[in-house]
Amino acid sequence: MAPAFQACRILPGPEEAVREAAAEFARRVRTAVQERGASAVALAGGSTPRGLYERLAAGGGAPGPDPVPWGRVHLFWGDERHVPPEHPQSNYRMTLDTLLSKVPVPPANIHRIRAEEPDAPRAAAEYEQELRTFFRLGIDQTPRFDLILLGMGEDGHTASLFPGSEALRDTSQLVAAPRIEKLGSRRITLTPRVFNNAACVMFLVTGSEKARTLRDVLEGKYEPDRLPAQIIRPLQGDLLWIVDRAAGSLLVACPPAA
Ligand code: 6PG
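Structural notes, computed from the coordinates. (Residues numbered from 1 in each chain as written. Predicted model: local features only at pLDDT ≥ 70, side-chain atom pairs only at ≥ 80, totals over all residues. Heavy atoms only, no water.)

1. With respect to the overall build of the protein
Which entries qualify depends on this criterion: The secondary structure listing takes helices from DSSP runs of H or I that are at least 4 residues long and strands from runs of E that are at least 2 residues long, numbered from the N terminus. The globule rule is 2.2 Å times the number of residues to the power 0.38, and the radius of gyration it is compared with is taken over C-alpha atoms. The buried label goes to any residue with under 20% of its type's maximum accessible area, the exposed label to any with over 50%, and the partly exposed label to all in between, with areas taken from a 1.4 Å probe on protein chains only. A contact between two residues is defined here by any heavy atoms of the two lying within 4.5 Å.
Helices and strands together make up the secondary structure of the protein, namely 6 helices and 10 strands. Over its C-alpha trace the protein gives a radius of gyration of 17 Å, about what one expects of a compact globule, namely 18 Å for 258 residues. Expressed along its principal axes, the backbone C-alpha trace of the protein runs to roughly 45 × 45 × 35 Å. Across the 258 residues that make up the protein, the buried fraction comes to 55%. The long-range share in the protein, meaning contacts at least 24 apart out of those at least 6 apart in sequence, stands at 75%.

2. Considering the site of the ligand
Rules: Being near a molecule or strand, for a residue, means having at least one of its heavy atoms within 4 Å of it. Here a polar contact is recorded for every N or O atom pair within 3.5 Å, except that within protein the pair must consist of a potential hydrogen donor and a potential acceptor, and residues adjacent in sequence are included only if both atoms are side-chain atoms. Surface accessibility in these figures is a Shrake-Rupley result with a 1.4 Å probe; residues are shielded only by whichever protein chains are displayed.
Surrounding the ligand, one finds 15 residues, the nearest of these being Thr48, Arg81, His157, Ala159 and Lys210. Between the ligand and glycine 45, the relevant distance is 3.4 Å, taken from an oxygen atom to a main-chain nitrogen or oxygen of the residue. Interatomic distance of 2.7 Å between a side-chain N/O atom of serine 47 and an oxygen atom of the ligand. In isolation the ligand exposes 420 Å². Once the protein is present, 88% of that is buried.

3. As for the pattern of salt bridges
What counts is decided by this rule: Take a side-chain nitrogen of Lys or Arg and a carboxyl oxygen of Asp or Glu: if they are within 4 Å of each other, that pair is a salt bridge.
Evaluated as defined, the whole model comprises 16 salt bridges. The residue glutamate 24 makes a salt bridge to arginine 27 at a minimum N-O spacing of 2.7 Å. Linking glutamate 24 with arginine 27, this pair stays in helix H1 (residues 14-36), spanning 3 residues, or about one helical turn. Here arginine 27 falls in the partly exposed class, since its relative accessible area comes to 42%. In this structure, the salt-bridge partner of arginine 93 is aspartate 97, at a minimum N-O distance of 3.1 Å.

4. A few points about the packing of aromatic side chains
Put simply, the rule is: Side-chain rings of Phe, Tyr and Trp (the six-membered ring for Trp) are treated as a pair once their centres are within 6.5 Å; stacked means planes under 30 degrees apart, edge-to-face means over 60, and tilted covers the remaining angles.
One pass over the structure, following the stated rule, counts 9 aromatic pairs. Measuring from ring centre to ring centre gives 4.9 Å for phenylalanine 134 and phenylalanine 135, while their planes differ by 85 degrees; the resulting arrangement is edge-to-face. On the basis of relative accessible area, phenylalanine 134 is assigned to the partly exposed category, the value being 28%. A centroid spacing of 5.0 Å and a plane angle of 75 degrees characterise the contact between phenylalanine 135 and phenylalanine 145, whose relative ring orientation is edge-to-face. Of this pair, phenylalanine 135 sits in the loop between helix H4 (120-134) and strand S5 (147-150) while phenylalanine 145 is found in the loop between H4 and S5, placing the two residues 10 residues apart along the sequence.

5. Considerations on unusual backbone geometry
The backbone of arginine 136 shows a phi angle near 50 degrees, a positive value even though the residue is not glycine. Positionally, arginine 136 belongs in the loop between H4 and S5. Here the phi dihedral of alanine 159 falls at roughly 45 degrees; this positive angle occurs in a residue that is not glycine. Residue placement: alanine 159 occurs in the loop between S5 and strand S6 (175-176). Under the relative-accessibility criterion, alanine 159 is labelled buried at 10%.

6. Things to note about H1
Short version of the rule: Expected span of a helix, by definition, is 1.5 Å for each gap between consecutive residues, and there is one gap fewer than residues.
For H1, with 23 residues, the first-to-last C-alpha span of 32 Å sits near the 33 Å given by 1.5 Å per residue. Along H1, the residues classified as buried are Ala17, Val18, Ala21, Ala22, Glu24, Phe25, Ala26, Arg28, Val29, Ala32 and Val33. Glycine 37 lies just past H1 and shows a positive phi near 85 degrees.

7. Observations regarding the nonpolar core
Put simply, the rule is: The definition of a nonpolar core used throughout is a set of buried Ala, Val, Leu, Ile, Met, Phe, Trp, Tyr and Cys residues joined through side-chain atoms within 4.5 Å.
Core analysis: the largest hydrophobic core is formed by 80 residues, its most contacted members being Phe25, Phe145 and Trp241. When residues in this core are grouped by element, the largest group, 8 residues, is from H1. Setting aside residues up to four positions removed in sequence, tryptophan 241 forms contacts with Ala7, Cys8, Arg9, Met152, Phe203, Val205, Leu214, Val217, Leu218 and Ala229.

8. Section: the environment of alanine 229
Mapped onto the elements of the fold, alanine 229 is located in the loop between helix H6 (211-219) and strand S10 (238-244). Using a relative accessible area of 2% as the deciding quantity, one classes alanine 229 as buried. Considering only alpha carbons, one finds alanine 229 and aspartate 170, 59 residues apart in sequence, at a separation of 15 Å. Discounting residues that sit within four places of it in the chain, alanine 229 has contacts with Met152, Gly156, Thr158, Phe203, Val217 and Trp241.

9. Some remarks on the pairing of strand S2 (residues 39-43)
In terms of burial, S2 is largely enclosed, as 5 of its 5 residues are buried. Of the two faces of S2, the one carrying Ser39, Val41 and Leu43 and the one carrying Ala40 and Ala42 are both buried.

Have a look at this one:
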């Protein structure tokens with residue numbers, strides 16, 4: 001089944017892509033806050049979102065004195081590396097350095113994955129409980145985030161859904177702790193069920209090294225076991241791909257944004 005709305009926007013360079021993503025972030029959050037008084041967002045890890053978080057921290061979401069109502073935003077993570085929060089590889093740490101230390105998000109609104117727990121499946125179960133409590137979920141219910149940010153690896157992985165991962169087929173859990181053989185470690189990740197229940201999933205992808213994979217993901221055969229990013233298709237939500245010209249250079253069906 002196709003997402004409610006799907007769009008791919010090719011921006012001239014990484015800075016323009018970041019600007020577009022920041023404006024979209026601010027718009028989605030403000031709309032949710034106006035409608036319901038709060039907004040729940042899941043953040044991406046890796047290196048690409050650094051520029052986005054720095055721009056958001058600098059108030060670059062949209063014109064106006066208060067582009068993002070940070071006091072009303074609840075921040076979660078789509079995935080985390082199995083390391084403590086102060087570790088250089090921690091997605092939480094990257095977000096803390098670039099965004100959280102600079103904007104007035106109340107500490108109680110920061111819902112990090114407690115990846116310092118030595119037992120990764122237990123850390124995943126604890127995060128699932130955190131989601132269940134925050135979203136007040138019944139036993140079979142799935143959280144609905146206003147916005148989930150994602151990136152994509154050169155191998156087509158997204159969040160910590162890697163090629164061949166059993167987490168791609170996991171429909172029972174909200175959070176999984178798959179072992180990633182090529183990394184020799186576990187990761188903690190939301191499952192496709194959660195990503196595909198979001199009101200909006202926004203990918204931010206830049207750089208020529210991702211061009212071939214991006215083409216295969218967006219315009220190739222549907223093979224989510226090989227290209228996990230393909231499994232992301234919010235059923236009652238929007239799917240946005242914001243990419244720069246280098247990453248989008250091999251796409252034929254996605255015209256550059258005006
Ligand atoms: C992570 C991720 C991961 C990331 C991609 C892209 O924890 O690493 O959430 O899915 O988004 O690997 O990473 P880069 O932005 O570093 O290329």
